[in-house]
Amino acid sequence: MTVRLAVGGVSRAFGGVYAVRDVSLTVAPGELRAIIGPNGAGKSTLFALIGGQLATHHGSVTLDGARVERLPAHRRARLGVGVVFQGARIFHGLTALENVMVGAHATTRAGFLSAALRLPAHHREERAIRERALTCLDRAGIADWAHRPAEELPLGQQRALQLARALCARPRLLLLDEPASGLRAAEREHLAGLITALRAEGLTILLVEHDVAFVMRLADRITVLDLGRVIADGSPAEIRENPRVIEAYLGPSFVRSPHGAS
Amino acid sequence: MTAGLLRPASAAGTGRAARWWLAGFTILGLALPPLLPERHLATFVLFALTATVTVGVSLLMGYAGQVSLGQAAFYAIGAYAAGLLAVHGVPSLLGLLLAPVIAAVAAVLLGAPLLRLRGHHLAFATLAVQLILLSLLAQADWAGGAIGLQGIPRLTILGYELREDLGYAYAASLVLALAVLIARNVIVSRAGRALRAAATSETAAAASGVPIGRYRLAVFALSAAMAGLAGGVYAYYLGYLSPGSFPVLLSIEFVVMAVVGGLGTITGPVAGAAVVIVLVQVLNTLATRPGMPGYAPAVLSYAVYAVVLILCVLYLPKGLVPALRRATRATAPDRRQS
């Protein structure tokens, strides 16, 4: 079996406290993997360790057989890691279309010199980027907003804009950090539909999500984190039955209550 | 509908309007110099050179979110490079072409460590660079020391020597037009989008594949090249350079002009330079009138930057050009639909 993403024994500490400790997982090409866990489980830290926003303290991150844990984020982007952050990290002052065009940066070449001199190759590339970006805007359902400044878009559309931007790079691995949080029901449905469609096209997706119900119907496999460690890994049906998962989600107030030890 | 979507669009005001502005400026730059009396021609040359440097400062501040309080250092490096090369017998046109290259190389060497700093720290570091450069130049006998570099030959283009101010007015206009054109081309390109993106979210830009550090360095070098090119023309125009020609006040002047004109606009730095230079000239004429105290010119020139900057921040926080743009849009509300 080929492996798209392999995380091997990864750890990351903040001020002596481990946010992620000895986490290993593998994702096959075309798989939709969800990572769930209660608040503070280390989901977002793991996401940043894979995307390159944070450096690992121990362990390896391998993309299609190549070690990437020492590479900065922009190099990982060039290797095909697409990232959609939690919240809306969009580029203010740029139009929605331009935001998505920045997404194509990893797969395009033109630099300062060819731009300054307006070389023909530059024009060709610009046209190709613009067309690809318009297609991505359309896929994300926000084509009507193309020429509006990005910061004028409503939150749901800003989220979609981030997704369009990541897709514009044609990633091999798409990382989504809580894409559904704060969305209205209709937007959530549209997002679920889009994720399903991307998976059907063979895109490998790693979905970090707090909302268990949202991932249960989408994911092929689910990895559950608690207190920085993997406590379960399996199909949605297996995860639903797993006693450790049930304890992590339902038990904390009971099991780890500060008054419980007396 | 598709044609409408494919039209290059940008929130930065770099579309069709900018092209008209550019055409207008070019005509003005060509038509104005012969009409100006000799004593104003010198002011025009200085305006065009100052505006060229300011275009670079505006690119740096308005689009890349970096502040340089030492841009006159690169102006000086370009001027001294051109001047020294010419004094040592290098053809003046070659010297003029090398001036921006040398300034850009200096910017890359200085920027590699400096650009690790942000915001005010970067501003102070660039200011320090200029102060160090000025004291080094004052010590360097090979560059004329504190007395200055003298006997720089005039600019010769294809066997034609520029002797008159009019020739330099055209050369300076050309250099300014080139800087504006390059700035505009870069801003709307892949590289420019990446810069503007990184200015609002470095994390998201890096995740899109933008090598932030290298791009910050590249735009720093580009702005230095613009300053260096202007400096080259300046050296041939005056025929004499000294460290005193590049005071810290000059660096501050560039920043004030960029802010007054409007950061994040292409034509703003040109408008800002024009307004500040005319204002300084008027006040200077006033200050040197009989009956004014001897310190009046110095006080008025320093004060004008402070007052202009404060007024601008209070009443035109986005600068002249965006304010004018908003005013014209208000009188012609249907323009967006057309």
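Structure's up top.
Residues numbered from 1 in each chain as written. Chains lettered and ligands numbered in written order. Predicted model: local features only at pLDDT ≥ 70, side-chain atom pairs only at ≥ 80, totals over all residues. Heavy atoms only, no water.

Caption draft 1: Expanded view of the overall build of chain A. Within chain A one finds 11 helices and 10 strands. Relative to a compact globule of 262 residues, whose C-alpha radius of gyration would be 18 Å, chain A shows 20 Å and is just as compact. Counting only C-alpha atoms, chain A reaches 75 × 40 × 35 Å along its principal axes. Within chain A, the fraction of its 262 residues that count as buried is 56%. A separation threshold of at least 6 residues defines the contact pool for chain A, and within that pool the share at least 24 residues apart is 66%. When the accessible surface of chain A is summed, it comes to about 11,500 Å², and 54% of that surface belongs to carbon and sulfur atoms. For chain A, the distance from the average position of its 32 positive side-chain charges to the average position of its 25 negative side-chain charges is 6 Å. (Helix = DSSP H or I, 4+ residues; strand = E, 2+ residues; numbered from the N terminus. Rg over C-alpha atoms; globule rule 2.2 N^0.38 Å. Buried < 20%, exposed > 50% of the residue type's maximum accessible area, 1.4 Å probe, protein only. Contact = heavy atoms within 4.5 Å. Areas by Shrake-Rupley, 256 points an atom, 1.4 Å probe, with all protein chains shown as cover. Lys, Arg positive; Asp, Glu negative; His and termini not counted. Charge placed at Lys NZ, Arg CZ, Asp CG, Glu CD.)

Caption draft 2: Highlighting the pairing of strand β1 (residues 5-14) of chain A. Residue and element names in this part refer to chain A. Of all 10 residues that make up β1, 7 are buried, and the element is covered over most of its length. Direction of pairing for β1 relative to strand β2 (residues 17-27): antiparallel, over a ladder of 7 bridges. When the bridges of β2 are listed, leucine 5 appears paired with valine 27. Count of turn residues in the β1/β2 antiparallel hairpin: 2 residues, of which glycine 15 carries a positive phi of about 55°. Pairing between β1 and strand β4 (residues 58-63): 5 bridges, direction antiparallel. Across the sheet, valine 7 pairs through a bridge with valine 61, a residue of β4. (Pairing = 2+ DSSP bridges.)

Caption draft 3: Region of interest: the interface of chain A and chain B. Taken together, the contacts link 40 residues of chain A with 37 residues of chain B. Carbon and sulfur atoms supply 62% of the area buried between chain A and chain B, which totals about 3,100 Å² over both sides. Between Glu126(A) and Arg193(B) there is a salt bridge whose closest N-O contact spans 2.9 Å. At the boundary of chain A and chain B, one finds 14 residue pairs in polar contact (both at pLDDT 80 or more). Counting residues per element, the ones that place at least two in the side of chain A that touches chain B are α2 (73-78), β6 (81-84), α3 (96-103), α4 (112-117) and α5 (120-139) of chain A. With 7 residues, α5(A) is the largest single contributor of residues to the side of chain A that touches chain B. Here the side of chain A that touches chain B is built from residues that sort into 19 nonpolar, 11 polar and 10 charged. (Buried area = accessible area lost by both parts, 1.4 Å probe. Salt bridge = Lys/Arg side-chain N within 4 Å of Asp/Glu carboxyl O. Polar contact = N/O pair within 3.5 Å; in protein donor to acceptor, adjacent residues only side chain to side chain. Nonpolar A, V, L, I, M, F, W, Y, C, P; charged D, E, K, R; others polar.)

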